[in-house]
Amino acid sequence: MIAILSKSILFRDIPESEISALLETAAYRVVTYRTKDVVALQGTPCNHLMIVLNGLLRGQMVNDAGKLVVIEELEAAQLLAPAFLYAPKNNLPVNIIAMESSEILFIHRDDFTVWMQQNRQLLQNFLMLISGRSHFLSDKIMFLSLKNIKNKIADYLLRKLPDALSTVIHLTETQQEIADSFGVTRPSLARALAEMEQEGIISIDRKVVKVCNMPALKQMAQ
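All residue numbers refer to positions counted from 1 along the written sequence of the respective chain. Thresholds applied to this predicted model are a pLDDT of at least 70 for local features of residues and 80 or more for the giving and counting of side-chain atom pairs; totals over whole chains, interfaces and linings are not thresholded and use all residues. Side-chain metrics rest on all non-hydrogen atoms present in the structure, leaving aside hydrogens and water.

K.L.:
Looking at this model, I keep getting lost on the packing of helix 6 (residues 175-182) against helix 7 (residues 186-198). Mind explaining?
P.N.:
Helix packing for two helices is described by the angle between their axes and how far apart those axes are. One way to put it is that helix 6 packs onto helix 7 with a least axis distance of 9 Å and a crossing angle of 100°. In terms of axis orientation, helix 6 runs roughly perpendicular to helix 7. Residues Q175, Q176, I178, A179 and F182 of helix 6 form the contact with helix 7, whose own contacting residues are R186, L189, A190 and L193. In this classification, the charged set is Asp, Glu, Lys and Arg, the nonpolar set is Ala, Val, Leu, Ile, Met, Phe, Trp, Tyr, Cys and Pro, and all remaining amino acids, among them Gly, are polar. Of the residues in the contact of helix 6 with helix 7, the class split is six nonpolar, two polar and one charged. Angles here are taken between N-to-C directions and fall from 0 to 180 degrees, while the axes themselves are lines fitted to C-alpha atoms, restricted in helices to the stretch in contact. Numbering of helices and strands runs from the N terminus, with a helix taken as a DSSP run of H or I at least four residues long and a strand as a DSSP run of E at least two residues long. Angle categories: roughly parallel below 35 degrees, roughly antiparallel above 145, roughly perpendicular from 65 to 115, and oblique for all the rest. Contacts were defined at the residue level, with two residues in contact if any of their heavy atoms lie within 4.5 Å.

Written as structure tokens, this is what we have:
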């Protein structure tokens, strides 16, 4: 567990011996979840710092139209909803679901507060992490609310390119999973992809997407 925690942004530049010493002062717990288990429901108070030790967790919510929207997926050494730990209204904004067998470390907020008072590096790391989360959430809001489906597809594909010179993307997600992350229906996504292919911007062969007109794709992503 210590080795996993040392890889987290939260414990960056903190020796493993110090991490171990901190854990000895807290009544932490490690909980195991099976695939599709609900870790926490939207609206649940966030009173514990939650760190993924292994597995894959997904934060998702239902939008106003009743459509499932995937906010993000979290792997080992990442934190669940850290921005809400000290919020005046600290209710979780999403449902947290285990997408595979997973383990989560729970540390009560009061214990974590003492840790930050004792360890300046930990405090700085947490503040940096929260700042990064604010940027992520603002980008996510912009992505979900201000862009049409083609804009979202273009932005998604550009982010999936392995490097600046590449034009081929090997998708690892199904169309349904991509649609869920966009907050749209799968038929709407498929229709937009077909239109982009007809316009000569991309070509699609199952899960392989080739960018045929990079300037047009970048323009569409703006």
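K.L.:
What is the right way to look at the sheet that holds strand 10 (residues 202-205) in this model?
P.N.:
Where strands meet in a sheet, backbone hydrogen bonds hold them as pairs that are either parallel or antiparallel. The strand order across the open sheet built from three strands is 9-11-10, with neighbouring strands paired in antiparallel fashion. Every interior strand has two partners, whereas the edge strands, strand 9 (168-170) and strand 10, have only one. Direction aside, the axes of adjacent strands within the sheet are offset by 20° on average. In short, DSSP must find at least two bridges between two strands for them to pair. In the sheet, strand 9 pairs with strand 11 (residues 208-211) via three bridges, with the strands oriented antiparallel. Note that in strand 11 the partner of I169 across the bridge is V209.

K.L.:
Can you walk me through a nonpolar patch on the surface in this structure?
P.N.:
Together, M1, Y28 and V30 make up an exposed nonpolar region whose accessible area comes to about 230 Å². Note that M1 resides in the segment before helix 1 (2-5). For patch building, the residue pool is restricted to those with more than 30% relative accessible area and no salt bridge; the joining distance is 9 Å between like charges and 5 Å between nonpolar side chains (Val, Leu, Ile, Met, Phe, Trp, Tyr). The protein chains shown are the only cover counted for residues, whose accessible areas, like all others here, come from Shrake-Rupley with a 1.4 Å probe. A pairing counts as a salt bridge when a side-chain nitrogen of Lys or Arg comes within 4 Å of a carboxyl oxygen of Asp or Glu.

K.L.:
Honestly, the pairing of strand 7 (residues 95-98) in this entry has me stumped. Any pointers?
P.N.:
Here is the key point about a regular strand: its side chains alternate between the two faces of the sheet. Only protein chains enter the calculation, and the probe is 1.4 Å; a residue is then buried if its accessible area is under 20% of its type maximum, exposed if over 50%, and partly exposed in between. Alternating positions in strand 7 separate into two faces, N95 and I97 on one and I96 and A98 on the other, with burial throughout. Here strand 2 (residues 38-40) pairs with strand 7 via two bridges, running antiparallel. When the sheet's bridge partners are listed, V38 is paired in strand 7 with I97. Across four bridges, the pairing between strand 4 (residues 57-62) and strand 7 is antiparallel. Paired with L57 across the strands is A98, a residue of strand 7.

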